[in-house]
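# Structure assessment
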Amino acid sequence: MAREIQITFDCADPATLAAFWTEALGYRIQDPPPGFDSWEQALEAFGVPPERRNDASAAVDPEGTGPRLFFQRVPEGKRAKNRVHLDVRAAPGLAGDARMAALEAEAERLVSHGATRLGRFEPAPPLEAGHLVLADPEGNEFCLD
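Before going into details, it helps to say that this report is about the structure given with it. Throughout, a residue's number is its position along its own chain's written sequence, starting from 1. Selection of residues for local features in this predicted model requires a pLDDT of at least 70, selection of side-chain atom pairs for listing and counting requires 80 or more, and totals for whole chains, interfaces and linings are taken over all residues. To get the side-chain values, all heavy atoms of the structure are used, and hydrogens and water are removed first.

## Notes on the overall build of the chain
Operational definition: To qualify as a helix, a DSSP run of H or I must reach at least 4 residues; to qualify as a strand, a run of E must reach at least 2; elements of each kind are numbered from the N terminus. Areas reported here follow the Shrake-Rupley algorithm with a probe of radius 1.4 Å; residue values treat only the protein chains shown as occluding. In this tally, Asp and Glu contribute negative charge and Lys and Arg positive charge; neither His nor the terminal groups of the chain are included. Where a charge sits is defined by one atom per residue type, namely NZ (Lys), CZ (Arg), CG (Asp) or CD (Glu).
Of regular secondary structure, the chain possesses three helices and eight strands. Listed by position from the N terminus, the elements making up the chain come as β-α-β-α-β-β-β-α-β-β-β. Referenced to the eigenvectors of the C-alpha coordinate spread, the extents of the chain come out at roughly 55 × 35 × 35 Å. Carbon and sulfur atoms provide 54% of the accessible area of the chain, an area that totals close to 9,000 Å². Positive and negative side-chain charges of the chain, numbering 15 and 24 respectively, have mean locations separated by a distance of 5 Å.

Structure representation (C-alpha cells):
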C-alpha cells in the first residue's frame, strides 16, 4: 500500500526556510487552523509565547498532490553534506543548451531568494542530461534538473 509522505527539514529559522521552499516549488504556506485568519492569531489563542512562534512552519502543494514540507527548529546547525536531497525538475522536456539555459534562469531566480550556487554538471549523453547543484538559505543541498 502506498503511503503519503512528509519531508521534514531541521533548521534554525522555519519561517524563512518555508518561504524559500514555497518559492522554489510553487507551494504555499499551510493555512492556519479553522476559525483563525492567521497563524499569529492562532498561536496567540493557543498561548504560544512570542519567542516560540517560529518553532515550526509547513508548506503545502496548492494542488494537493505533492508532499507536505515541515520545517522544525533545532538547536544544532547543519554539519555535513546531505545524504538525501531534493531534485527540483526545472527543465522538463528540454535537452542540451535549452535545458541548461532554463536551469541557469531558475538558479538565478532562486539565488535572488537566498539560495547559493554550488556547481554545474554539463550534459554527458546518453546518461547525464546536465544539472545544477544549489543550497537553500541554511545550506541544504538540492539539484535543479
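## Digging into the pattern of salt bridges
Test applied: For this analysis, a salt bridge means a side-chain nitrogen from Lys or Arg found within 4 Å of a carboxyl oxygen belonging to Asp or Glu.
Overall, the coordinates contain twelve salt bridges when judged by the stated rule. The partner of D55 in a salt bridge is R52, with the nearest N and O atoms 2.3 Å apart. A salt bridge links E122 to R120; its shortest N-O distance comes to 2.4 Å. A single salt-bridge network, built from bridges that share partners, covers E104, R117, R120 and E122.

## Brief notes about unusual backbone geometry
Omega for the bond connecting P125 with P126 falls within 30 degrees of zero, at 10°, which places this linkage in the cis form. By secondary structure assignment, the location of P126 is in the loop between strand 6 (116–121) and strand 7 (131–135).

## Topic: the packing of aromatic side chains
Under the convention used in this document: Here a Phe, Tyr or Trp ring, Trp counted by its six-membered ring, pairs with any other such ring whose centre lies within 6.5 Å, and the pair is stacked when the planes are under 30 degrees apart, edge-to-face when over 60, and tilted otherwise. Per-residue accessibility, obtained with a 1.4 Å probe over protein chains only, is compared with the maximum for each type, and a residue is labelled buried under 20%, exposed over 50%, and partly exposed between these values.
This structure, assessed with the given rule, holds six aromatic pairs. Plain terms: the ring middles of W21 and F142 are 4.9 Å apart, the flat faces sit at 65° to each other, and that makes the pair edge-to-face. In this pair, W21 sits in helix 1 (residues 14–25) while F142 sits in strand 8 (residues 141–144), placing the two residues 121 residues apart along the sequence. Residue W21 is classed as buried on the basis of its relative accessible area of 1%. By relative accessible area, F142 is classed as buried at 1%. Counting every residue linked through ring pairs, the aromatic cluster contains F9, F20, W21, F71 and F142.

## Describing the sheet that holds strand 3 (residues 56–60)
Strand pairing within a sheet occurs via backbone hydrogen bonds; the two strands may be parallel or antiparallel. Just so we agree on the cut-off: A pair of strands counts as paired when DSSP detects no fewer than two bridges linking them. Any two residues whose heavy atoms approach within 4.5 Å at even a single point are treated as in contact. Geometry is summarised by axes, namely lines fitted to C-alpha atoms with helices restricted to the contacting stretch, and by angles between N-to-C directions that run from 0 to 180 degrees.
Taking strand neighbours across the sheet as the criterion, the four strands line up as 1-4-3-2 in an open arrangement whose pairing is mixed. Two strands close off the open sheet at either side, each with one partner strand: strand 1 (6–11) and strand 2 (28–29). Pairing between strand 2 and strand 3: two bridges, direction antiparallel. Its bridge partner being in strand 3, R28 is matched across the sheet by V60. Sheet strands in contact with helix 1 are strand 1, strand 2, strand 3 and strand 4 (68–73), and its direction is about 155° off that of strand 4.

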